[in-house]
Amino acid sequence: MVKVEFLGPIGKADMELEVSSLKELKEVLKKDQELSGWLEDCAVAVNDTIVNSLEVALRSGDRVSLLPPVCGG
């Protein structure tokens, strides 16, 4: 199982999913109307490392974090 956490204003509870790549994870998350709008704008980290490709393989025990853009002051 891969743990998926949604940070900041996304406001969604963590999930555990059986997925083998970020590409597969994106397809699963796109089905959730609440999340689909965030997917194009978020940075993604796998085990605390920012990644830029959907071709990243995932293994059981990995943690994927969706990091929405934020403004600071």
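Provided above is the structure to which this section pertains.
Note that the structure is a prediction, hence the values are computed from the model and not measured.

**Structural notes on the pattern of salt bridges**
A side chain of one charge can pair with a side chain of the opposite charge if their charged atoms are brought near each other. Considering all chains together, one arrives at seven salt bridges under this definition. Linking Asp32 and Lys12 is a salt bridge whose minimum nitrogen-to-oxygen distance equals 2.8 Å. In this pair, Asp32 sits in the loop between helix H1 (22-30) and helix H2 (33-39) while Lys12 sits in the loop between strand E1 (2-6) and strand E2 (15-17), placing the two residues 20 residues apart along the sequence. Residue class for Lys12 comes out partly exposed when judged on its relative accessible area of 21%. The residue Arg63 makes a salt bridge to Asp48 at a minimum N-O spacing of 2.3 Å. In this pair, Arg63 sits in strand E5 (residues 63-67) while Asp48 sits in the loop between strand E3 (43-46) and strand E4 (49-51), placing the two residues 15 residues apart along the sequence.

**Some thoughts on the sheet that holds E1**
Spatially, five strands are ordered E2-E1-E5-E3-E4 in an open sheet, and the strand pairing comes out mixed. One side of each edge strand has no neighbouring strand; the edge strands of this open sheet are E2 and E4. Averaged over all pairs of adjacent strands, the angle between strand axes in this sheet comes to 30°, irrespective of strand direction. In this fold H1 packs onto E1, E2, E3, E4 and E5, with an angle of close to 125° to the strand it touches most, E2.

**Description of the nonpolar core**
One finds Leu25, Leu29, Val64 and Leu66 to be the most contacted residues of the largest nonpolar core, which totals 17 residues. Where this core is concerned, the elements lending two or more residues are E1, H1, H2 and E5.

**Side note on the environment of Pro69**
Within the fold, Pro69 resides in the segment after E5. With relative accessibility at 53%, the residue Pro69 sits in the exposed group. Spatially, the C-alpha atom of Pro69 lies 18 Å from that of Lys26, the residues being 43 residues apart in sequence.

About the criteria used
Residues numbered from 1 in each chain as written. Predicted model: local features only at pLDDT ≥ 70, side-chain atom pairs only at ≥ 80, totals over all residues. Heavy atoms only, no water. Salt bridge = Lys/Arg side-chain N within 4 Å of Asp/Glu carboxyl O. Helix = DSSP H or I, 4+ residues; strand = E, 2+ residues; numbered from the N terminus. Buried < 20%, exposed > 50% of the residue type's maximum accessible area, 1.4 Å probe, protein only. Pairing = 2+ DSSP bridges. Axes fitted to C-alpha atoms, helices over the stretch in contact; angles between N-to-C directions. Contact = heavy atoms within 4.5 Å. Core = buried A, V, L, I, M, F, W, Y, C linked by side-chain atoms within 4.5 Å.

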